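Now for the letters of each chain:
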Amino acid sequence: MTTTIFVFMAGICYLASLAFVNFGVPTDAKRRRALVAALAGFAFQTAALGFRCWQTGRAPVVTSYELVETIAWLLVALQLAVSFSLKIGLAGIFSMLPAAVLTLLPVGCPMFASAMSGTPKASVHFAAAHGILAALSYSFLAAAAVFGGLYLVQQKSLREKSNSVTARMLPSLQTLEKGTGAFVSTSAVSMLASIVVGMFAAADMDLNGIMVFKFAVGASLFSMQALLCVFSLAGAVRGARLAKFSLVLFIAAMAMLVPIELRTVM
């Protein structure tokens, strides 16, 4: 129950961060409150995942619930890191919405509390590394989608010659495009590493139809990531097209996560 409470509080804080700067006129005071709410949510989610690690003695990536929560945690960590490194108040503007959804969606499942309080058998090192790398890949892809969404918002503001506070505080289109491409590339590399490690993890396992299907879906996702990465690096997909493809790819990746995780005992 402790983990569930911490996760729920994290989701509420993320929603509060989103609300502070997206309702009414976004002032400096509201942006500061949005950052504080995001940091509080991150602290709650860190506590939840840390408690889960202590409880199970392994990385929180084995069950579907743990994996989704870890993806959300990594996404928020990336956003906060980018916000502080670029010295811009991105907290709450955009990525708090997917972070809140990813955090709170599993809590709505009736089995969440019991699954997050149980202690399933610890996974082997290769399997744990496979899960961590997959979570990293999904979080980097989510970050690419966030930057892609911000690119489209900023492009619309410039096209309409808007002088809104949000438009002024967003990074330039060039910075957002580079960030989108970098996150897409990092996501592809992480997924490749996850697949390779997953093959080592499955070396001593009896491959059945479900396992083969899981690797096939994972390979399909990696193929799309790799193609977008190559096209982005080659300059064939840029600007708004890169932003839109990143958004579509993230949505597809989350949809593909469902059949991948159906085999997982929750």
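The numbering scheme is per chain: residues are counted from 1 as the chain's sequence reads. Since the coordinates come from a predicted model, pLDDT governs what is reported: local features require at least 70, and pairs of side-chain atoms require 80 or more to be given and counted, while whole-chain, interface and lining totals use all residues. Side-chain measures here rest on the full set of heavy atoms in the structure, leaving out hydrogens and waters.

Visitor: Would you mind going over the nonpolar core with me for this structure?
Guide: Most often, soluble globular proteins keep nonpolar side chains buried together rather than apart. Put simply, buried Ala, Val, Leu, Ile, Met, Phe, Trp, Tyr and Cys residues joined by side-chain atoms within 4.5 Å make one nonpolar core. A simple rule labels every residue: compare its accessible area, found with a 1.4 Å probe on the protein chains alone, to the largest value its type can have, and call it buried under 20%, exposed over 50%, or partly exposed in between. Residues Tyr14, Ile71, Val76, Tyr138, Phe183, Leu221 and Leu257 are the most contacted members of the largest nonpolar core, which totals 53 residues. Among the elements of the structure, helix H1 (2–22), helix H2 (28–56), helix H3 (64–86), helix H4 (96–104), helix H6 (125–159), helix H8 (173–201), helix H9 (209–234) and helix H10 (239–261) are those that each provide at least two residues to this core. Numbered from the N terminus, helices here are DSSP runs of H or I no shorter than four residues, and strands are runs of E no shorter than two. Looking at this core, the element that brings in the most residues is H6, giving 12 residues. Not counting chain neighbours up to four residues away, the residues in contact with Val76 comprise Tyr14, Phe42, Met96 and Ala99. Only heavy atoms enter the contact rule, under which two residues are in contact if any of them lie within 4.5 Å.

Visitor: I tried to follow the packing of H1 against H4 on my own but got confused; where do I start?
Guide: The description of two helices packed together rests on the angle between their axes and the distance between the axes. Fitted lines through C-alpha atoms serve as axes, helices being fitted only where they are in contact, and the angles separating the N-to-C directions of these axes extend from 0 to 180 degrees. Closest axis-to-axis distance for the H1/H4 pair is 9 Å, and the angle between their directions is 160°. Classified by the angle their axes make, H1 and H4 are roughly antiparallel. Crossing angle aside, the handedness with which H1 passes H4 is left-handed. Residue-level inspection shows Val7, Phe8, Ala10, Gly11, Ile12, Tyr14, Leu15, Ser17 and Leu18 of H1 in contact with H4, the latter providing Met96, Leu97, Ala99, Ala100, Thr103 and Leu104. Note that Gly is not counted as nonpolar here; it falls among the polar residues with everything else outside the nonpolar set of Ala, Val, Leu, Ile, Met, Phe, Trp, Tyr, Cys and Pro and the charged set of Asp, Glu, Lys and Arg. Of the residues assigned to the contact of H1 with H4, the class counts are 12 nonpolar, three polar and no charged. Under this scheme an angle from 65 to 115 degrees is roughly perpendicular, one under 35 degrees roughly parallel, and one over 145 degrees roughly antiparallel; angles in between are oblique. It is the rotation of the near helix from the far one that decides the hand of a crossing: anticlockwise by less than a right angle makes it left-handed, clockwise makes it right-handed.

Visitor: Just checking my understanding: could you explain the pattern of salt bridges for this structure?
Guide: If the charged atoms of two oppositely charged side chains come close together, the side chains can form a pair. Within this document, salt bridges are pairs made up of a side-chain nitrogen of Lys or Arg and a carboxyl oxygen of Asp or Glu, the two lying within 4 Å of each other. According to the stated counting rule, one finds four salt bridges in the structure shown. We note a salt bridge from Glu66 to Arg52, for which the minimum N-O separation is 2.6 Å. Separated by 14 residues along the polypeptide, Glu66 in helix H3 and Arg52 in helix H2 bring together distant segments of the chain. Each of the two residues, Glu66 as well as Arg52, counts as buried. The salt bridge partner of Glu66 is Arg58, with a shortest N-O separation of 2.9 Å. Residue Glu66 shares its accessibility class with Arg58, and that shared class is buried. One connected set of salt bridges, linked through shared partners, spans Arg52, Arg58 and Glu66.

Visitor: Honestly, the confidence of the model for the protein chain in this entry has me stumped. Any pointers?
Guide: Detailed reading of the predicted coordinates is not advisable wherever pLDDT falls low. pLDDT is a per-residue confidence score from the predictor, ranging from 0 to 100. Mean pLDDT over the protein chain works out to 82, with 83% of the residues at or above the 70 mark. Least confident of the elements in the protein chain is helix H7 (residues 165–169), whose mean pLDDT is 68; most confident is H8, at 89.

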